[in-house]
Amino acid sequence: MFVFFSKFLPVLIYPLGLACIILVISLFVNKQSRWLKICVGIALGILWLGGTRWVSVMLVRSLEWQYVPPENTPNAEIIVVLGGGT
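Residues numbered from 1 in each chain as written. Predicted model: local features only at pLDDT ≥ 70, side-chain atom pairs only at ≥ 80, totals over all residues. Heavy atoms only, no water.

Engineer: Could you give me a rundown of the overall build of the protein, with the residues and numbers involved?
Structural biologist: When you go through the protein residue by residue, the secondary structure sums to 4 helices and 0 strands. N-terminal to C-terminal, the α/β element order of the protein is α-α-α-α. Relative to its length of 86 residues, the protein is extended, with a C-alpha radius of gyration of 20 Å against a globular reference of 12 Å. Expressed as a percentage of its 86 residues, the buried residues of the protein come to 12%. Accessible area for the protein stands at about 8000 Å²; split by element, carbon and sulfur atoms hold 71% of it. (Helix = DSSP H or I, 4+ residues; strand = E, 2+ residues; numbered from the N terminus. Rg over C-alpha atoms; globule rule 2.2 N^0.38 Å. Buried < 20%, exposed > 50% of the residue type's maximum accessible area, 1.4 Å probe, protein only. Areas by Shrake-Rupley, 256 points an atom, 1.4 Å probe, with all protein chains shown as cover.)

Engineer: So what about the side chain of S26? Which residues, and what values?
Structural biologist: If you trace the backbone, S26 turns up in helix α2 (residues 15–27). Discounting chain neighbours no more than four positions away, the residues touching S26 are L36, C39 and V40. (Contact = heavy atoms within 4.5 Å.)

Engineer: Break down the packing of α2 against helix α3 (residues 34–51) for me, citing the residues and quoting the values.
Structural biologist: One way to put it is that α2 packs onto α3 with a least axis distance of 9 Å and a crossing angle of 170 degrees. Classified by the interaxial angle, the pair formed by α2 and α3 is roughly antiparallel. Two secondary-structure elements touch here, α2 through P15, L16, L18, A19, I22, L23 and S26 and α3 through L36, C39, V40, I42, A43, I46, L47 and G50. Per-class residue counts for the contact of α2 with α3 are 13 nonpolar, 2 polar and no charged. (Axes fitted to C-alpha atoms, helices over the stretch in contact; angles between N-to-C directions. Parallel < 35°, antiparallel > 145°, perpendicular 65-115°, else oblique. Nonpolar A, V, L, I, M, F, W, Y, C, P; charged D, E, K, R; others polar.)

Engineer: Please provide a residue-by-residue account of a nonpolar patch on the surface, values included.
Structural biologist: On the surface, M1, F4, F5, F8, L9, L12, I13, I21 and I25 cluster together into a nonpolar patch covering about 890 Å² of accessible area. Only α1 (2–13) and α2 provide two or more residues apiece to the nonpolar patch. Per-element accounting of the nonpolar patch gives the leading share, 6 residues, to α1. (Patch = residues over 30% accessible without salt bridge, like charges linked within 9 Å, V, L, I, M, F, W, Y side chains within 5 Å. Salt bridge = Lys/Arg side-chain N within 4 Å of Asp/Glu carboxyl O.)

Listed below in structure tokens is the structure:
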């Protein structure tokens, strides 16, 4: 169950998933309501912001600094790649 949630929940937090959720919410709002325009505007803003190079570089850097490559690489005959359930 943990593997399912660890693969499913981050998708809802990424910009595309979050924008899709907001757009689905806007489907249930009254069509003449001001909230419809606000929801669609927020969804488009999230997609635009998530798609900009500056934001993507900052998000990647926040993850990459934790895993600095080692100075010397050990020699091995066999390499095991773990896929994490995928």
